Amino acid sequence: MNWWLIACKPKAGKMSRIARIKFLLWSRPVFRTCEIICNHAARIFERDRGLTKALAEVEELNRERIEHQKTLNRIGSSHDHVCAECKGKCCGGARERDAFTDRVLQYPETPHRAGRRKEGAMAAYKVMADNSSTPAVTTDAEPVPGFCPELTTKGCRIPYELRPIQCTAYFCNATIDQLSPEECNTGSEALKGLMNVQIRTVMLALKSRSRKQ
């Protein structure tokens, strides 16, 4: 490598900052905007519960969602201590966090077709009840008052791959600081994958309007 290439080569610290900033943008404003728009668009476009009539497509989208969330879980495992010190501030608020997209992908026949709900069991519990190999992470811990009903003193009750999409996509500054550039890049790709799943759910809902009954 000649002196010019050496001089122009980005330093590792700069590359780390760029990767972290990119991941933060994907995780927060970009993803959040996509999630809100797609969630409500899918709900509005769906006709006569048309997504229940496209089970094969919905199941494929759900499989992809699970894989992307598993990737984010692997990346996030390096910051468990940060979450423990924070004590779940990102889970603040008592309202339910499952969205229409979460419910319809995990449990297409769900009778709850609203955008978001403030009460009631999330679709994840239906999945866990139907599949004994997917138990809740913790069942013997007390809930944390004033926080998400699923947050307990021992962590979230819901397995990572069954948690609401927006919960797994959110990474705060402190957690992102713990990630390597490679982890940030992998996480960014997983977030893009989740957004693609949401966009395709909208398109599938729109397609239901023209499907013969």
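Before reading further, recall that the structure is shown in the block above.
A brief structural summary. Sequence positions are assigned chain by chain, starting from 1 and proceeding in written order. Owing to the predicted nature of the model, reporting of local features is limited to residues with pLDDT of at least 70; listing and counting of side-chain atom pairs is limited to 80 or more, with chain, interface and lining totals taken over all residues. Only heavy atoms go into the side-chain values, all of them from the structure, while hydrogens and water stay out.

## Quick notes on the overall build of the protein
The line we're drawing: Comment: elements are numbered from the N terminus, with helices defined as DSSP H or I runs of at least four residues and strands as E runs of at least two. To sort residues, take the accessible area from a 1.4 Å probe on protein chains only and compare it with the maximum for the residue type: under 20% means buried, over 50% means exposed, and anything in between is partly exposed. Note on definitions: a residue-residue contact is assigned when non-hydrogen atoms from the two residues lie within 4.5 Å. For every accessible area listed, the method is Shrake-Rupley and the probe measures 1.4 Å; residues are considered covered only by the protein chains on display.
Assigned secondary structure in the protein consists of nine helices and two strands. Counting from the amino terminus, the protein carries its helices and strands in the arrangement α-α-α-α-α-α-β-β-α-α-α. The 213 residues of the protein split such that 40% are buried. Sequence-distant contacts, at least 24 apart, represent 75% of the contacts inside the protein between residues at least 6 apart. About 11700 Å² of surface is accessible on the protein, with carbon and sulfur atoms providing 58% of the total.

## Here's the deal with the packing of aromatic side chains
As a reminder, the rule being used: Pairs were defined over the aromatic rings of Phe, Tyr and Trp, the Trp ring being its six-membered one, requiring ring centres within 6.5 Å. Orientation was assigned from the angle between planes: stacked under 30 degrees, edge-to-face over 60, tilted for the rest.
Following the criterion strictly, the structure yields one aromatic pair and no others. An angle of 55° between the planes, with centres 4.9 Å apart, marks the rings of Phe23 and Phe171 as tilted. Of this pair, Phe23 sits in helix α2 (residues 12-45) while Phe171 sits in the loop between α7 (165-169) and α8 (173-176), and the two are 148 residues apart along the sequence. Residue Phe171 is classed as buried on the basis of its relative accessible area of 2%.

## A closer look at the nonpolar core
Condition: Grouping buried Ala, Val, Leu, Ile, Met, Phe, Trp, Tyr and Cys residues that are joined through side-chain atoms within 4.5 Å yields what is termed a nonpolar core.
Ranked by size, the top nonpolar core spans 31 residues in total, and within it Phe23, Phe31, Leu51, Leu72 and Leu105 carry the most contacts. Going through the elements one at a time, α2, α3 (55-76), α5 (100-106), α7 and α9 (181-207) are the ones with two or more residues in this core. By residue number, the principal contributor to this core is α9, which donates nine residues. Leaving out residues up to four positions away in the same chain, Leu72 has contacts with Tyr160, Thr168, Ala169, Phe171, Gly187, Ala190, Leu191 and Leu194. Within the second largest apolar cluster, six residues are counted, among which are Ala124, Cys156, Ile158 and Leu162.

## Comments concerning unusual backbone geometry
Here Asp48, not a glycine, exhibits a phi torsion of approximately 50°, which is positive. By secondary structure assignment, the location of Asp48 is in the loop between α2 and α3. Look at Arg49: it is not a glycine, yet its phi comes out positive at around 50°. Among the secondary structure elements, Arg49 is positioned in the loop between α2 and α3.

## Quick notes on the pattern of salt bridges
Two side chains with opposite charge may pair up if their charged atoms get near one another. Keep this limit in mind: A pairing counts as a salt bridge when a side-chain nitrogen of Lys or Arg comes within 4 Å of a carboxyl oxygen of Asp or Glu.
Applying the stated criterion to the full structure yields 11 salt bridges. A salt bridge links Glu35 to Arg32; its shortest N-O distance comes to 2.6 Å. Separated by three residues within a single helix, Glu35 and Arg32 lie in helix α2, roughly one turn from each other. Between Lys126 and Asp130 there is a salt bridge whose closest N-O contact spans 3.5 Å. Of the two residues, Lys126 and Asp130 are both situated in helix α6 (residues 123-130); the distance of four residues between them amounts to about one turn of the helix. Here Lys126 falls in the partly exposed class, since its relative accessible area comes to 34%. What emerges from the salt-bridge pattern is a single network uniting Arg32, Glu35 and Arg116.

## Here we look at α6
As a reminder, the rule being used: Of all possible arcs, the one meant is that of the directions from the helix axis to the C-beta atoms.
Buried residues of α6: Ala123, Ala124 and Met128, and no others. In an axial view of α6, the angular spread of the buried residues amounts to 140°, which keeps them on one side of the axis. For α6, the exposed residues lying more than 90 degrees away from the buried face are Ala129 and Asp130. Each element contacted by the buried residues of α6 is listed here: α5.

## Let's talk about the side chain of Arg117
We count it as follows: Two N or O atoms count as a polar contact when they lie within 3.5 Å, although within protein this holds only if one can serve as hydrogen donor and the other as acceptor, and sequence-adjacent residues are included solely when both atoms are side-chain atoms.
Counting through the fold element by element, Arg117 comes out in the loop between α5 and α6. Judged by its relative accessible area of 7%, Arg117 falls in the buried class. Among the polar contacts listed, one links the side chain of Arg117 to the side chain of Asp98, at a separation of 2.8 Å. Among the polar contacts listed, one links the side chain of Arg117 to the backbone oxygen of Ala121, at a separation of 2.8 Å.

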